[in-house]
Every structure is written in C-alpha cells, then in structure tokens.
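Below, each chain spelled out in residue letters.
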Amino acid sequence: MYSFSPKLRLYSIVFVVLGLVLFGAGYFMNLGVDDTQIEHMMEQVHAGGNTAPLNSSEIVGPQDHAAHLEHAKMQFKNQPLAAVHTVAVWLFALSCCALFFYAIQNASHAGWSIIILRVIEAVASFIPFAGAVVIIIMIMNVTHMGHLFHWMDGTLTDPKSEHFDPILFEKKTFLNIPFYVFRTLFYVVGASFFVWKLKSLSKKVDETRSRSVYAKYYTWNILYIVFFGFCSAAWAWDWLMSIDPHWYSTMYIWYAMVSAWASAVAVILLVSVYLKKRGFLPQFNDNHLHDLGVYLFALSMLWTYTWFAQFMLYWYANIPEEVNYFYGRFEYYSWAFWSILLLNFAIPLSVMVSSSIKRNYTVMATMAVIVICGQWLVYYNMVMPGTVGPYWENITGLLTNLGAVLFGVGAFIFVVLTTLSKLKLIPEGNPFVKESKIYEYPF
C-alpha cells in the first residue's frame, strides 16, 4: 500500500492555501479597477493601431466609444472567472482522458499496462472535484454573475433588439441556457458515475477473481468509451468553442481532446515514476516507462497535426471570419502562441524520438512536466483571448491565473495521492496482471 508522504501532503496544502491567497488578492484588485483605468488600458491597446475585433461579440451592436468601453470593462472583469474556468475545464478533461486511456487498455485486453491501472484510477478520481467547479462556473454564467459566454445574452437572439445577431439566432437551438445546463450536468454526473463504477468493479474483480465480474467490468469500460466519445466533443463545443460562437472548427474537438489526453499520459507517467522511485511500485520498469513515453510522444505529434490542420489551413485560405479568431491570439498572445509550439512540438520531437531515451526516468519525468505546462498553455490560449482579450498584461491577470493554477495543482495532488493511498497498487485479480509484471518491450 502506498502511504501519502506527510511532506508532500503539506506541499499540496500549501499550494492550495497560497493559490487562494494569490487569487483572492488578484480578485479584489480587479474589483478595485474603475472605468477610468479601464478606458486608459483600452486607449493603450488601440494606440498600437490594433483595432481589429478579438471576439465576434465586438462586431455586433453599436460601435461607438461607450460600447467599446463597456466591452473592455466586461473583458477586464472576466479575469478571475476565466482563470478558474481554464484550470477547471483542463483538469476535468485531463481526468476524463485518463479514464478513457484506462478504458482503452481494458477494452483491448492490453497486458503491459495492468500494473499502472491503479495510478490511472487515482488520476481519474479528480473528475467529480473538477466537475463541481465547472458546475459552479456554469451557475455563475447562466445567472449572469459571469460573462464568459456572450451568447447567453437574450437580446442577441431577439430580432427586435439593436444587438440582434442573426448567426446566434440560427444556433439558438443548441446554444440556449436550459440545454447548456442539462449538457453540463450530464457530462459531470455521467463521468463521475463512470469513474465510481469502474473503480468499484475493479476492486470487485480483485476480491472475487470471477470471470463473470471481469466480463461486467469489461462491458462498463466499453460503455465509458462510448460516453466519452460523444461528451468530449460536446463539452469542447460548450465550454471552449462557444466562447466565440461565430467561429467554428471541425478539428477543434480533436485539438482539445488530444491536448488533455497528452496531459493525462504525462501525469500518469509522473505519478508512476514517483511511486517507483519511492519503492512503492517496484514492478514498474523501463519497459513500462518506454510504452508510456511512446504514448506521450505520439500524442504530442498528434496534437501538432491537429494544431496545423486547424490553424494553417484557415490562415492561408484567408477566410476573414475564421482568421479573426487567430488574429487576437497571434497579436496579443504571441508569447503563448509560440511557447505552445516549443513545449508541445519542438522539444518532444527533439528529445523523445530515440527509443533508449524513453527508458530514462529523469528525462521522461522532465518531458512529462514540460508537456503538462505546454498543454495547460493550450487551454489558456483557447480561453483567455476570447474572454479577457488584450487586458491580461497587468498584475491582476497574473495573480488570478497563478492563484488558480496553484490551487488546482495543490488540490489535484492532494486528491490523487490520497486516493492512491487507499488502493491496492497492483490489481492482483486482473487476469492479465502476470503478463504486465513480466512485460518486456520486444525491440
């Protein structure tokens, strides 16, 4: 049994507390900024000659100074909620992707991965916690305490309103508050149910070693794959792409999902290496590390393909309504735009090509941290430009984002390792466990 290190437990609690303090400081500083200061920020942005809209909401309705100021104020005030939204959605998607990876291993009767199934279960156990935060954010948005999704403004679909938006009017069958609430609850409750069900059946397989129980366990893994296949696409539309509902991409759901999947594999690799180094998982060897490295490298390259297909094809086609989405990210978030390619493509490609490198614990743990940072930045780049716009270069934006990240990381470490301490690390009842223990990569 794994024992949660008191020192690491303390670090996770310190992260949570520090995150709350920093976020609280940024939040109250954000509240204290008045219209005059925001107007000054807006004038500085426009002084650089950048007047192209960052979000489709800016091109609907009146275009006078007062309207632009109101929009700038809303974007600046979005900083705290956008920071929490980014971390919550990323951690929820990461945890769901971990469970998806788990279900794939079981559905395919993979033998190599059995000794890390408990690690994956622990990572997936964060689903209900991240989901609870997502639901809170959803409540704040639908009650108009937050303004991350401008399509929730009823005047935009009212033909008599001066703010009437014909594109949103056509999409209101899907983009409407009651249906959005139902879908959000369905994703969170459904995923939370599946992680509970699969963990309980896995434990029962260990206790009974019954073939009929294992068959039931196998069936529920298949059902989760089906659930995940539909819901991972829909929550990417709801929680991320609908931030700018005028824009759409057929690659977006893959882009968001592969990003979270790469993050999940990186976290699983990190936790497995940590347990190995602490002596709790001696069965984990460089063959298992190699295969996790293969997945990490392959998913990084798949993410790069989706990035290329989504960005470059739109860019060189020069479709105005599509390029507008990327303009703001390139103009105001160029540091994030280029860092994403460096962390998620250039470094993994340079380092992880070699098979022997994938057996090096130190190098692969370092690469996992780099990929995690890079993929969080992907979600940051999906959320912030459309919600906060160019108003991120200030102390309030730094504090709210840093606070949200530290709180999320601290809570994630605490939940995952607490869960792990309550599980038998090796699922001895699984019929493929012996194959996993003696597994050796054949090349």
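Everything discussed here concerns the structure shown above.
Residues numbered from 1 in each chain as written. Predicted model: local features only at pLDDT ≥ 70, side-chain atom pairs only at ≥ 80, totals over all residues. Heavy atoms only, no water.

As enumerated under the stated definition, the model contains four cavities of 30 Å³ or more in all. Size it by volume and the largest cavity reaches roughly 100 Å³. If you list the elements that add at least two residues to the lining of the largest cavity, you get α10 (252-277), α11 (286-317), α12 (320-332) and α14 (361-387). Approximately 40 Å³ is the volume attributed to the second largest cavity. (1 Å grid on protein atoms, 1.4 Å probe; cavity = no way out; pocket = protein on both sides within 12 Å on 5 of 7 lines; lining within 4 Å. Points joined across faces, edges and corners; volume = space filled by probe spheres on them. Helix = DSSP H or I, 4+ residues; strand = E, 2+ residues; numbered from the N terminus.)

Here we come to the side chain of N78. If you trace the backbone, N78 turns up in the loop between α3 (65-77) and α4 (79-107). Non-local contacts of N78, meaning those with residues more than four positions away in its chain, are made with H147, L148, T387 and V388. (Contact = heavy atoms within 4.5 Å.)

If you check the backbone angles, H109 has positive phi at about 55° while not being a glycine. Classification of H109 as partly exposed rests on a relative accessible area of 35%. A positive phi angle, close to 65°, is found at H144, a residue other than glycine. Note that H144 resides in the loop between α6 (127-142) and α7 (166-171). (Buried < 20%, exposed > 50% of the residue type's maximum accessible area, 1.4 Å probe, protein only.)

Let us now look at the packing of aromatic side chains. If you walk through the whole model with that rule in mind, you get 47 aromatic pairs. Ring geometry for Y214 versus Y217: centroids 5.9 Å apart, planes at 55°, classification tilted. With Y214 and Y217 both in helix α9 (residues 211-239), this residue pair falls three residues apart, about one helical turn. Residue classification places Y214 among the buried positions, given a relative accessible area of 12%. Over the ring of F174 we find R183, and its NZ or CZ is 3.7 Å from the ring centre. Above the plane of the ring of F297 lies K358, whose end atom (NZ or CZ) is 5.3 Å from the centre. (Phe/Tyr/Trp six-rings, centres within 6.5 Å; stacked < 30°, edge-to-face > 60°. Lys NZ or Arg CZ within 6 Å of the ring centre and 35° of its normal.)

Per the stated rule, a full pass over the model turns up zero disulfides. Its sulfur unpaired, C97 is 7.2 Å from the next cysteine sulfur, which belongs to C96. On the accessibility criterion, C97 (1% relative accessible area) is buried. Considering cysteine sulfurs only, C96 is the nearest to C231, which forms no disulfide, with 8.7 Å between them. Residue C231 is classed as buried on the basis of its relative accessible area of 4%. (Disulfide = S-S within 2.5 Å.)

Where α4 contacts α9, the axes come no closer than 9 Å and their chain directions differ by 150°. Comparing their axes, α9 and α4 come out roughly antiparallel. Crossing of α4 against α9: the hand is left-handed. Residue composition of the contact of α4 with α9, by class: 20 nonpolar, three polar and no charged. (Axes fitted to C-alpha atoms, helices over the stretch in contact; angles between N-to-C directions. Parallel < 35°, antiparallel > 145°, perpendicular 65-115°, else oblique. Left-handed = near helix turned anticlockwise from the far one by under 90°. Nonpolar A, V, L, I, M, F, W, Y, C, P; charged D, E, K, R; others polar.)

All right, on to α10 then. Relative to the 38 Å expected for 26 residues at 1.5 Å per residue, α10 spans 38 Å between its end C-alpha atoms, a close match to the ideal helical length. Counting buried positions along α10 gives 21 out of 26 residues, so the element sits mostly inside the fold. (Expected span 1.5 Å × (residues − 1).)

The interhelical angle for the contact between helix α1 (residues 6-31) and α4, taken along N-to-C directions, is 145°, at an axis separation of 9 Å. In this structure, α1 contributes F23, Y27 and N30 to the contact, and α4 contributes Q79, P80 and V84. Partitioned by chemical class, the residues of the contact of α1 with α4 number four nonpolar, two polar and no charged.

Here the focus is the environment of A88. Of note, A88 is situated in helix α4. Other than its neighbours up to four places away in sequence, A88 contacts A130, V133, V134 and I137.

Below, the discussion takes up the nonpolar core. Ranked by internal contacts, the top residues of the largest apolar core, which has 150 residues, are Y224 and Y379. At 19 residues, the largest contribution of residues to this core is made by α4. The residues contacting Y224, other than those within four sequence positions of it, are C96, L99, F100, A103, F194 and L198. (Core = buried A, V, L, I, M, F, W, Y, C linked by side-chain atoms within 4.5 Å.)

Let us now look at helix α13 (residues 334-351). Here α13 is 18 residues long and its end C-alpha atoms lie 24 Å apart, about the 26 Å a rise of 1.5 Å per residue gives. Of all the bends found along α13, the most pronounced is centred on L342 and spans about 35°. Buried within α13 we find A336, F337, I340, L341, L343, N344 and P348. (Bend = angle between axes of the 7 residues up to and from the residue.)

Attention now goes to a nonpolar patch on the surface. Nonpolar side chains collect at one region of the surface, where L10, V14, F15, L18 and V409 lie side by side and expose about 380 Å² of accessible area between them. Sort the elements by how many residues they give to the nonpolar patch and α1 lands first, with four residues. Within the secondary structure, V409 sits in helix α15 (residues 395-420). Accessibility expressed as a relative area gives 34% for V409, which makes it partly exposed. (Patch = residues over 30% accessible without salt bridge, like charges linked within 9 Å, V, L, I, M, F, W, Y side chains within 5 Å. Areas by Shrake-Rupley, 256 points an atom, 1.4 Å probe, with all protein chains shown as cover. Salt bridge = Lys/Arg side-chain N within 4 Å of Asp/Glu carboxyl O.)

Once that is clear, we can look at the pattern of salt bridges. In this structure the tally under the stated criterion is five salt bridges. In this structure, D238 engages R183 in a salt bridge whose closest nitrogen and oxygen atoms are separated by 2.6 Å. Here D238, found in helix α9, pairs with R183, found in helix α8 (residues 177-208); they are 55 residues apart in sequence, far enough to count as distant. D238 gets classed as buried once you look at its relative accessible area, which sits at 0%. Accessibility expressed as a relative area gives 6% for R183, which makes it buried. The partner of R359 in a salt bridge is D286, with the nearest N and O atoms 3.8 Å apart. Note that R359 is positioned in the loop between α13 and α14 and D286 in helix α11, a separation of 73 residues in sequence. The partly exposed category is assigned to R359, whose relative accessible area is 23%.

Keep in mind these values describe shape, not function.
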